[in-house]
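Chain and residue survey
Here's the letter readout for the chains.
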Amino acid sequence: MSKARPKFLNLLQIRQPIPAVVSILHRISGALLFLFLWIFLIGLQRSLASPESYLQLKAFIDEPLVKLVILGLVWAYLHHTFAGIRHLGLDLRLGIELPGARMTAYAVLALALGLTVIAGVLLW
Amino acid sequence: MTVVAHYGWRGWLAQRVTAVVMLLYTLFLLAVLVSLPQIDYDRWHALWSLSVVRYATIFFVLSVLLHAWVGVRNIFMDYVKDTGLRLVLYVLVILTLIGYGVWTWQILWAV
């Protein structure tokens, strides 16, 4: 094997195949959900503590910036969930051929983004 | 040298079992929320007083914490090459997750 083979391993410049994009977003969305776990807990706590804290939380959620953060987390939850379901399918040897793997990867991206947009419309 | 680490297999399985639990809980909670005619504080509070919701949530949160542990550990194994630093990060994540578990329990049983 020739040692002079050209190597090009700049991951940021290689155009990644769609299943690879879904895979790295699975990791990124998982990391985001972990980093923001406390937000879910504070939200639950404030919503239940008293009628006053419930109304305060409701007003807080009405802030546009807060809505954006919520939508970001909604996307992360959706993408992570759909990519996870796809992964379970792969474990069961469903969609492991390239055309199927590509199609389900597109479906994961589209479902997560589409439902996030719908959630955004409902939230606003 | 081959190091046989059985926790790799356990983590793999735990990730999938917890994923299914979380998926079922998500569908359960969505169905409950959609079935509520409208949400105000009283209805919301009453919902979380139900044992079935509480225990399902505790089960869900335990799954989240275990799932997060396996996932975050995998990320650290990939990117943090320094063993000492990686161990410190593991301990911080474990303590954080245990803290979240206790916190969840307090929230739910204060309802």
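The residue count restarts for each chain, going from 1 along the sequence in the order it is written. In the order they appear in the text, chains get letters beginning with A and ligands get numbers beginning with 1. Side-chain atom pairs in this predicted model are given and counted only at pLDDT of 80 or more, local residue features only at pLDDT of at least 70, and totals for whole chains, interfaces and linings cover all residues.

1. A look at the overall build of chain B
This is how it is decided: Per the convention used, a helix needs a DSSP run of H or I reaching at least four residues, while a strand needs a run of E reaching at least two, with both numbered from the N terminus. Three exposure classes are used, all based on how many other C-beta atoms lie within 10 Å of a residue's own C-beta (placed from the backbone): buried at 20 or more, exposed at 12 or fewer, and partly exposed between those limits. The contact criterion used is a C-beta to C-beta distance within 7 Å, with each C-beta placed from the backbone.
From N to C terminus, chain B includes four helices and zero strands. In sequence order, the secondary structure elements of chain B are arranged as α-α-α-α. For chain B, the spread of C-alpha atoms along the principal axes amounts to about 60 × 25 × 20 Å. Counting the 111 residues in chain B, one finds 12% classified as buried. Long-range contacts, defined here as pairs at least 24 residues apart, represent 78% of the contacts in chain B between residues at least 6 apart.

2. Regarding the overall build of chain A
Heads up, the condition is: Radius of gyration: over C-alpha atoms. The globule rule applied is 2.2 Å multiplied by the number of residues raised to the 0.38 power.
For chain A, the helix and strand inventory stands at five helices and zero strands. Whereas a compact globule of 124 residues would reach a radius of gyration of roughly 14 Å, chain A reaches 19 Å, over 25% beyond that. Per-residue burial over chain A gives 19% buried out of 124 residues. Of the contacts formed within chain A by residues at least 6 apart in sequence, a portion of 72% connects residues at least 24 apart.

3. Here's the deal with the packing of helix α1 (residues 18-35) of chain A against helix α5 (residues 98-123) of chain A
Residue and element names in this part refer to chain A. The condition that has to hold: Helix axes are fitted to C-alpha atoms over the stretch in contact, other axes to C-alpha atoms as well, and angles between N-to-C directions run from 0 to 180 degrees. Note on angle classes: values under 35 degrees are labelled roughly parallel, values over 145 roughly antiparallel, values of 65 to 115 roughly perpendicular, and the remainder oblique. Throughout, a crossing is termed right-handed when the near helix is turned clockwise from the far one, and left-handed when it is turned anticlockwise from it by less than a right angle. Note on residue categories: nonpolar means Ala, Val, Leu, Ile, Met, Phe, Trp, Tyr, Cys or Pro, charged means Asp, Glu, Lys or Arg, and polar means any other residue, Gly included.
Orientation of α1 relative to α5, taken along the N-to-C sense of each, is 45°, at an axis distance of 8 Å. With respect to α5, the element α1 is oriented oblique. Seen along the crossing, α1 lies across α5 with a hand that is left-handed. Taken together, the residues of α5 that come into contact with α1 (itself represented by I18, P19 and V22) are A101, R102, A105, Y106, V108 and L109. Looking at the contact of α1 with α5 residue by residue, the class counts come to eight nonpolar, no polar and one charged.

4. What about the nonpolar core?
The tendency in soluble globular proteins is for nonpolar side chains to be buried as a group. In plain terms, the rule: Note on terminology: a nonpolar core is a set of buried residues of type Ala, Val, Leu, Ile, Met, Phe, Trp, Tyr or Cys, with members joined through C-beta atoms within 7 Å.
Of all hydrophobic cores here, the largest spans 19 residues; its most connected members are V22, A83 and V108 of chain A together with V64, L65 and A68 of chain B. Those elements giving two or more residues to this core turn out to be α1, α4 (64-91) and α5 of chain A together with α3 (51-79) of chain B. The greatest single-element share of this core, amounting to six residues, is contributed by α3 of chain B. Dropping the residues within four chain positions of it, A83 of chain A is found in contact with V22, L25, H26 and V108 of chain A.

5. Describing the interface of chain A and chain B
With 16 residues of chain A at the contact, the number on the chain B side is 17 residues. For the side of chain A that touches chain B, the elements supplying multiple residues, two or more each, are α1, α2 (37-49), α3 (51-61) and α4 of chain A. Of the residues forming the side of chain A that touches chain B, the biggest block, six residues, is contributed by α2 of chain A. In terms of residue class, the side of chain A that touches chain B is built from nine nonpolar, five polar and two charged.

6. A word on the environment of L33 of chain A
Residues and elements named next belong to chain A. Within the secondary structure, L33 sits in helix α1. Along the backbone, L33 and H80 are 47 residues apart, and their C-alpha atoms lie at a distance of 9.0 Å. Other than its neighbours up to four places away in sequence, L33 contacts A76, Y77 and H80.

7. Regarding α5 of chain A
Residues and elements named next belong to chain A. As a reminder of what qualifies: To estimate the expected span of a helix, count its residues, drop one, and scale the result by 1.5 Å.
For α5, built from 26 residues, the straight-helix expectation of 38 Å at 1.5 Å per residue is met to within 8% by its first-to-last C-alpha distance of 37 Å. Among the residues of α5, T104, A105, V108 and A112 are the ones counted as buried. Residues of α5 that are buried make contact with α1 and α4.

8. Examining the packing of α4 of chain A against α5 of chain A
The geometry of a pair of packed helices is captured by two quantities: the angle between their axes and the separation between those axes. Residue and element names in this part refer to chain A. Axis separation between α4 and α5 bottoms out at 9 Å; the angle between their running directions is 150°. Relative to α5, the element α4 is oriented roughly antiparallel. Helix-helix and strand crossings are classified by hand; for α4 and α5 the assignment is right-handed. Every residue of α5 that contacts α4 at K67, I70, L71, V74, W75, L78, H79, F82, A83, R86 and G89 is listed here: T104, V108, L111, A112, L115, T116, A119, G120 and L123. Split by residue class, the contact of α4 with α5 holds 13 nonpolar, five polar and two charged.

9. Some details on the confidence of the model for chain B
Inclusion rule: The quantity called pLDDT is the predictor's confidence in a given residue, expressed from 0 to 100.
Summing up the model confidence of chain B, the mean pLDDT is 93 and the portion of residues at 70 or higher is 94%. Reported confidences for the modelled complex are a pTM of 0.91 and an ipTM of 0.91.

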